[in-house]
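# Summary of the model geometry
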Amino acid sequence: MQRTSRLKRELHLLTTEPPPGIMFWQNKNRMDDLRAQILGGENTPYDKGVFNLEVVVPERYPFEPPKIRFLTPIYHPNIDSAGRICLDVLRLPPKGAWRPSLNISTLLTSIQLLMSEPNPDDPLMADISSEYKYNKEVFIRNAKQWTEKYASQQKRASKTPDEEVTQSEASTPKESAISQKRKANDISRKGKKPCLDS
């Protein structure tokens with residue numbers, strides 16, 4: 001009951017007064033399966049990109065955080081090839097900083113901020129983190145290429161959110177050398193992702 005009434009309030013607020021650069025809607029009229037879009041920030045490699053996210057609200061919400069992941073591939077040190085996000089407010093204490101007083105709008109705004117200001121010291125993608133720290137020009141070039149390829153508004157104009165390419169599809173062997181590098185790195189680091197809860 002508390003979950004349903006709170007979700008109704010949050011959905012109403014998110015649809016009538018969304019945070020700048022964020023759109024939000026229900027998927028198939030289900031309150032526990034939501035979708036969001038975040039626009040890439042100006043002066044970032046994600047500028048002019050439109051990134052779709054999946055928001056799954058657990059039964060114990062607000063005592064447990066929603067599960068949020070990117071559906072649109074993104075080249076970012078804190079977001080892996082499956083779209084999982086390394087962000088403390090998405091995890092329960094003691095490892096995380098989720099509190100029932102936080103809401104979905106706050107989480108989406110935090111993810112938007114993480115896109116603008118990556119945290120290379122707590123990465124999911126070690127190779128991209130290293131690139132961000134030690135060769136930022138290459139990171140910016142790669143991130144812009146991924147944004148143009150997967151999140152450009154021109155491509156999105158002809159697609160509905162349900163037709164969005166998923167993160168895992170971006171990692172097939174037919175993709176670019178960047179994708180292959182990410183996939184190889186994922187395989188070599190199995191079980192070494194500090195941000196994910198078991």
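These notes cover the structure that comes with them. These numbers come from a predicted model, not from an experiment.

## Side note on the pairing of strand E2 (residues 30–39)
Bridging between strand E1 (residues 22–27) and E2 involves six bridges; their strand directions are antiparallel. Among the inter-strand pairings, Phe24 is bridged to a residue of E2, identified as Ala36. Hairpin connection, E1 to E2: the antiparallel pair is bridged by two residues, and Lys28 has positive phi, about 55°. Taken together, the seven bridges between E2 and strand E3 (residues 50–56) define a ladder with antiparallel strand orientation. The residue of E3 that forms the bridge with Asp33 is Val56.

## Section: the pairing of E3
Here is the key point about a regular strand: its side chains alternate between the two faces of the sheet. The buried fraction of E3 is high, at six of seven residues. When E3 meets strand E4 (residues 67–70), the two strands line up antiparallel, connected through four bridges. Looking at E4, one finds that Val55 is bridged to Ile68.

## With respect to the packing of aromatic side chains
Taken as a whole, this structure holds seven aromatic pairs when the rule is applied. The interplanar angle of 50° and the centroid separation of 5.6 Å between the aromatic rings of Tyr75 and Trp146 together place this pair among those described as tilted. With a gap of 71 residues between them, Tyr75 in the loop between E4 and helix H2 (104–116) and Trp146 in helix H4 (residues 136–150) connect regions that are remote in the sequence. Neither Tyr75 nor Trp146 differs from the other in exposure class; each is buried. Note on Tyr132 and Phe139: the rings are 5.0 Å apart at their centroids and 90° apart in plane angle, and the pair reads as edge-to-face. Owing to a relative accessible area of 15%, Tyr132 belongs among the buried residues under this scheme. Ring pairing ties together the aromatic residues Tyr75, Tyr132, Phe139, Trp146 and Tyr150, which thus form one cluster.

Scoring rules and cut-offs
- Every chain begins its residue count from 1, and numbering advances along the sequence as written.
- Local features in this predicted model are restricted to residues of pLDDT 70 or higher, and side-chain atom pairs are both shown and tallied only at a pLDDT of 80 or more, whereas totals for entire chains, interfaces and linings draw on every residue.
- Excluding hydrogens and water, the side-chain figures rest on all heavy atoms present in the structure.
- For two strands to be treated as a pair, DSSP must find at least two bridges joining them.
- A helix here means a DSSP run of H or I that spans at least four residues, while a strand means a run of E at least two residues long, and both kinds are numbered starting from the N terminus.
- We call a residue buried when its accessible area falls under 20% of the maximum for its residue type, exposed when it is over 50%, and partly exposed in between, using a 1.4 Å probe and counting protein chains only.
- The criterion for an aromatic pair is that two Phe, Tyr or Trp rings (for Trp, the six-membered ring) have centres within 6.5 Å, with stacked assigned to planes under 30 degrees apart, edge-to-face to planes over 60 apart and tilted to the rest.

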